Amino acid sequence: METTPTVKKKKEKEEGGGRRRRRNRRQQGTVCLLQLGKVMDGAQMNSLIERNVNFNTVKDGIQWFNLQTTVKIQDEENNIQVLSVGSPNERPTKCILLLGETGAGKTTIVNAMVNFVFGVKFEDNFRLQIKDQRISSDRKDTESQTDFITVYLFYHQEGMTCNFNLAVIDTPGLADTRGLQHQDNVMSQLEIFLTSDFGIDDLSCIGLVAKANTNRDFTFQKDILREIVSLLGDNVPEITQLFATFAVEKPMVDQIVRNAGVKFNDMFEFDNGVLCTPHNISSSPCKRGKDMLLFRWEIMIEQYERFFAAFTNAPTVSVKLLRERKLLDKSLKILKGKVEELGKLLTALELNKKILSKYELQEAKNKSWRHERTIRKKDRLGIEDGFHAHNCPVCNQTCIFPCPPEKGNNNAGFIGGIAGVLGGSAAGAAAAQATLNNVVAATRAATSSGIAASIGGWVTRVLGGSVAVSEVGGAAAAAAAGVPGVPGIIVGGVVGITIGVVTGTCCGKFLTQNSCLVPGRGDVCGEHGCLHSLSQHLREEERIIEYNELEVKVNEDIKELFDVAVSKRKDAMAKITNGKQKIHLYKKDIVQNTLQLLFHAKKIQEMSSTIDTQGLLDKLIAEVRLGEPDHIHHAVEILQILKKAIKRLSNYNIDQTNDNFNMMMKLLERLPDTHQ
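Here the residue index of a chain counts from 1 through its sequence in written order. Owing to the predicted nature of the model, reporting of local features is limited to residues with pLDDT of at least 70; listing and counting of side-chain atom pairs is limited to 80 or more, with chain, interface and lining totals taken over all residues. With hydrogens and water set aside, each side-chain value is computed from the structure's full complement of heavy atoms.

Some points on the pattern of salt bridges
For clarity, the threshold we go by: Just to be clear on terms, a salt bridge is a Lys or Arg side-chain nitrogen sitting within 4 Å of an Asp or Glu carboxyl oxygen. Numbering goes from the N terminus for both helices and strands, where a helix is a DSSP run of H or I of at least four residues and a strand is a run of E of at least two. Relative accessibility under 20% of the residue-type maximum defines a buried residue, over 50% an exposed one, and the middle range a partly exposed one, all with a 1.4 Å probe and only protein chains included.
If you walk through the whole model with that rule in mind, you get 18 salt bridges. Here D589 makes a salt bridge to K338, at a shortest N to O gap of 3.4 Å. Of this pair, D589 sits in helix 14 (residues 556-607) while K338 sits in helix 9 (residues 319-365); the two residues are 251 residues apart in sequence, bridging distant segments of the chain. Take D589: its relative accessible area is 34%, and that puts it in the partly exposed class.

Considerations on unusual backbone geometry
Cis geometry marks the peptide bond from F401 to P402; its omega dihedral reads 0°. Tracing the sequence through the fold places P402 in strand 16 (residues 397-403). Residue N396 is not a glycine yet carries a positive backbone phi of 55°. Mapped onto the fold, N396 is located in the loop between strand 15 (388-392) and strand 16. Non-glycine residue H528 carries a positive phi angle of around 55°.

Notes on the pairing of strand 8 (residues 165-170)
Where we set the bar: Here the rule is simple: two strands pair whenever DSSP picks up at least two bridges between them.
Where burial is concerned, most of strand 8 is hidden: six out of the six residues are buried. When strand 5 (residues 93-100) meets strand 8, the two strands line up parallel, connected through five bridges. Opposite T93, over in strand 8, you have N165 as the bridge partner. As paired elements, strand 7 (residues 149-154) and strand 8 share five bridges and run antiparallel to each other. Residue pairing across strands places T150 opposite D170, the latter belonging to strand 8.

Observations concerning the packing of helix 15 (residues 613-624) against helix 16 (residues 629-649)
If you want to describe how two helices pack, look at the angle between their axes and the distance between the axes. The test is simple: Every angle, taken between N-to-C directions, lies between 0 and 180 degrees, and every axis is a line fitted to C-alpha atoms, over only the stretch in contact when it is a helix. Any angle that falls under 35 degrees is termed roughly parallel, while one over 145 is termed roughly antiparallel, one within 65 to 115 roughly perpendicular, and all others oblique. Between two residues, a contact is recorded if the distance between any of their heavy atoms is within 4.5 Å. Under the scheme applied, nonpolar residues are Ala, Val, Leu, Ile, Met, Phe, Trp, Tyr, Cys and Pro; charged residues are Asp, Glu, Lys and Arg; polar residues are all the others, including Gly.
It is at 10 Å that the axes of helix 15 and helix 16 come closest, and there the two elements cross at 180°. Here helix 16 runs roughly antiparallel to helix 15, going by the angle between their axes. Contacts between helix 15 and helix 16 pair T613, Q614, L617, D618, L620, I621 and V624 from the former with I632, A635, V636, L639, Q640, L642, K643, I646 and K647 from the latter. A per-class count over the contact of helix 15 with helix 16 returns 10 nonpolar, three polar and three charged.

A short note on a nonpolar patch on the surface
Operational definition: To count toward a patch, a residue needs a relative accessible area over 30% and no salt bridge; like charges are then connected within 9 Å, while nonpolar side chains (Val, Leu, Ile, Met, Phe, Trp, Tyr) are connected within 5 Å. Computed with a 1.4 Å probe, the accessible areas rest on the Shrake-Rupley method; for each residue, only the protein chains presented here act as cover.
On the surface, a cluster of nonpolar side chains totalling about 220 Å² of accessible area is made up of L550, V552 and V554. Inspection of the secondary structure puts L550 in strand 18 (residues 542-554). Judged by its relative accessible area of 52%, L550 falls in the exposed class.

A closer look at the nonpolar core
Definition in use: The set of buried Ala, Val, Leu, Ile, Met, Phe, Trp, Tyr and Cys residues whose side-chain atoms join them within 4.5 Å is what this entry labels a nonpolar core.
Within the largest apolar cluster, 45 residues are counted, with the highest numbers of intra-cluster contacts made by L128, F154, F243, F307 and F308. Here this core gets eight residues from one element, more than from any other, and that element is helix 8 (residues 287-312). Dropping the residues within four chain positions of it, L128 is found in contact with I49, V53, W64, F65, L67, N111, V114, N115, F118 and V120.

A closer look at the packing of aromatic side chains
What counts is decided by this rule: What counts as a ring pair is set by centres within 6.5 Å for rings of Phe, Tyr and Trp (its six-membered ring), and what kind of pair is set by the plane angle: stacked under 30 degrees, edge-to-face over 60, tilted for all other angles.
Throughout the structure, instances matching the rule amount to 16 aromatic pairs. Where F243 meets F307, the ring centres are 5.2 Å apart and the plane angle is 90°; that geometry is what we call edge-to-face. Of this pair, F243 sits in strand 11 (residues 240-245) while F307 sits in helix 8, and the two are 64 residues apart along the sequence. Summarising the burial analysis for this pair, F243 and F307 share the class buried. Ring geometry for F268 against F307: centres 5.4 Å apart, planes inclined by 80°, an arrangement best described as edge-to-face. In this pair, F268 is assigned in strand 12 (residues 266-270) and F307 in helix 8, connecting sequence segments 39 residues apart.

Regarding the sheet that holds strand 16
Strand order in the open sheet formed by three strands is 16-15-17, and the pairing between neighbours is antiparallel. Of all strands in the sheet, those with a lone pairing partner are strand 16 and strand 17 (538-540), marking the two edges. Across the sheet, the mean angle separating the axes of adjacent strands is 25° when strand polarity is ignored. The sheet contact formed by strand 15 and strand 17 spans three bridges and is antiparallel. Residue N391 lies in a different strand from strand 17, and its bridge partner there is L538.

Some thoughts on the sheet that holds strand 1 (residues 53-59)
The strand order across the open sheet built from three strands is 1-2-6, with neighbouring strands paired in mixed fashion. Of all the strands in the sheet, just strand 1 and strand 6 (126-129) have a single pairing partner and so form its edges. Each strand of the sheet is rotated relative to its neighbour by a mean of 25°, with strand direction disregarded. Here strand 1 runs beside strand 2 (residues 62-67); their pairing, made up of six bridges, is antiparallel. By the bridge assignment, N56 is partnered in strand 2 with F65.

Points about the side chain of Q129
Along the chain, Q129 turns up in strand 6. Owing to a relative accessible area of 15%, Q129 belongs among the buried residues under this scheme. In this structure, Q129 is in contact with W64, F65, N66, L67 and N111, ignoring residues within four places of it in sequence.

Digging into the pairing of strand 3 (residues 70-75)
In terms of strand pairing, strand 3 meets strand 4 (residues 80-85) through five bridges, oriented antiparallel. Across the sheet, the residue bridging to Q74 is Q81, located in strand 4. Hairpin remark: strand 3 followed by strand 4, antiparallel, with four residues in the connecting loop; positive phi at N79, about 55°.

Some details on the environment of I49
Assignment of secondary structure puts I49 in helix 2 (residues 42-52). Taking the relative accessible area as the measure of exposure, I49 reaches 7% and is therefore buried. In this structure the C-alpha to C-alpha distance between I49 and G119, which are 70 residues apart in sequence, comes to 10.0 Å. Once you skip the residues sitting within four places of it in the chain, I49 turns out to touch F126 and L128.

The quantities given are spatial measurements derived from coordinates; they are silent on function.
Here it is, written out as C-alpha cells:
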C-alpha cells in the first residue's frame, strides 16, 4: 500500500517533533548540568577517570573500569562498611538511601549514578562501575547478593557533575527467598546503621527501587518504611522517591505503590539497561537501532538530571538527631537498670547490717562457752643416787630433802671434802684478787676474818675445835693492818684454803654421820608449816612436789552457738565490705550515665527543640515504682536526687556539665550511709 502525501507529511512531522523534543531535552540537560557542575571536555574526563580507576575489563565491546575504593569503615559484627572514592574535603555531603527487593536493580542504579556524576557519554567506548568484592558468585538470583549495608562515598573532584560529596547507601535486598527472618535482620542492620556514627548525619533521599512493571503488593517496602518513619520522624515521605527500573515502557509501579499506602514525593524512570548495550552497534547496518539506543540513553540521562536537580534542593532528615534520640533512650534504659541495681545493693546492705548486729549479740552472749581455773596438784618423783626424803603422811608433803645415803659409803666423805676444798680455794682466790686495791683490801680482809670466824665456830661445834679459828682470823687481821712480809694475795689464798679445808672436813664429817636427822631439832618437824612429829614422817626414796594445772571446761552447746555466730558475723562483714565497694562503683556509673543523658538531651535541644528532662525522670520514677517492692524506696530516692542534680545543671552548657561529676557524687552521698 502506497503512502499518501498526507500520511507522509504526518509521519515527517512526527519524526521532526521527536527530533525537536530530543534536542530540547539535550538542551535542558545541559542547563541542568550547568546548575549541578561544569560540563567536562575530553581531557578533563580522561584525567578524572585515570585518577580513580584501577582495573578494566572488556565485555561486549565495552571497556568497564572499576573505580578504586578505600575502605573507611569495616564493621564485621553488624555487616556495615563504608567505601570511598577520591580524597576527603570540606564540601557538604548529600546522602541517598536505596531500599528495594532483590533483583530490583539497586546496584545498577549505583553504577548509573557513577557514570552520570563522572560525565560519561553515550559515544564513549567505556563505562564505569563500582564493585563490592564481598558479593558472592554462589548466591542465587533470588537471594540478595550481599548481606552488607555499603556506603559508597564519592568525594567531589574537579570535573564531576555535582558540586558536593555524594553518598549512596546500598542495602541488602528485601523479599528474597530467605523469608521474614532475613527482613528482620535487614531492619536491625538499618537501625544500627542509622543510630550509629558511620559518618552519615543527614539523609536527602530515600529511594524506593522497584521494577517498572512490578505487580507485587509492596508489603516489605511498606513495613520497612513504617519502621524508618518511626526512627526518623514524619518528614520521611518528603524525601522519599520512587525509582522505577527497567523503565522501557510507561511504568505501572507508581499506582501499585500508591495503592499499598506508601507515600512518596515523585517517581523517576531509570532505563539503566542501556549502560550495558554493546558499543559496536555503530557498525550495525541498522541505523535506526543506534538511534533508538541513543534515544534511551538521553531519556536515562534526562531522568538522572531531573533527579539530581530535585535532590540538590531537597530538604534533609537529620540522622544525627535520630542518633541522639536513640542514645538518649539508651541512656534512660541503662540508668533505670543501674538505679534498680543500686536499690537492690542498698537493700542488701541494710539486711547484712541487721544480720551483723544479730550475730554480734549472739557472739557476745555465748562467749562464756569456755571456763578456765587453776588447780593445785601434787605428784611423786623418784630420787636417785641413794638419797631419800622425809615425807609427812598427814600433810602429804616432803618436809626434809635431800637426805644422804646410809653410813658406810666412804666415798661420800671423800667427795664432800674435795668439793669443799675446791670451793673454798676459789673463794680465796677471789678474795686475793680483791686485795690489789689497798683501800678496799682492809674492808675485804675484815670481811674474810668474819667469815673465817663464823666457819670456825661452826666447825668447833661440829668437830670439837680441831682447827684453831684464831689463827685464821689473826692472819687476816695482820694483812689488814699492813704487816710487812704478808702480801694481800697470800692472805687471800690462806683464807681460801683454810675455808676449803674446814668446809671439806665438815661436809665429810656430816655425810658420814650415823643419823640423817640433825641433833637438837626436836620432835616437831616445823618445815613448810608441818607441825607433826618427825617420828611420824616416812623415809621414802620419792619426794612430793606441788604444781599448778589449768583446768578447761567446754560447754559444747554454747560453743556451737558461739562458732555459728562468729562464722555468720564474718560472712556478714565480708558481704557488707563487698556491697559497699559495689555501691560506690554503681554510684559512679549512675553519675556518668546521668551526665551522658543530659549531654544527649542538650544536643537534641540544640538540633530541634526543648526537651523535658524532668519529665523523662518522672517517667522513669513511674516505671521504677512498678518494680520489686523491696528496693523501690531506694530507687525512687536515687532518682529524686538525680532530678535535683539535673535541675541544677540545666543552665550549664555541654562542656560544663561534664565537669560536675564530683558535685553529683556528693549529692548521691545523701543516700543511706555506706562508709561505716
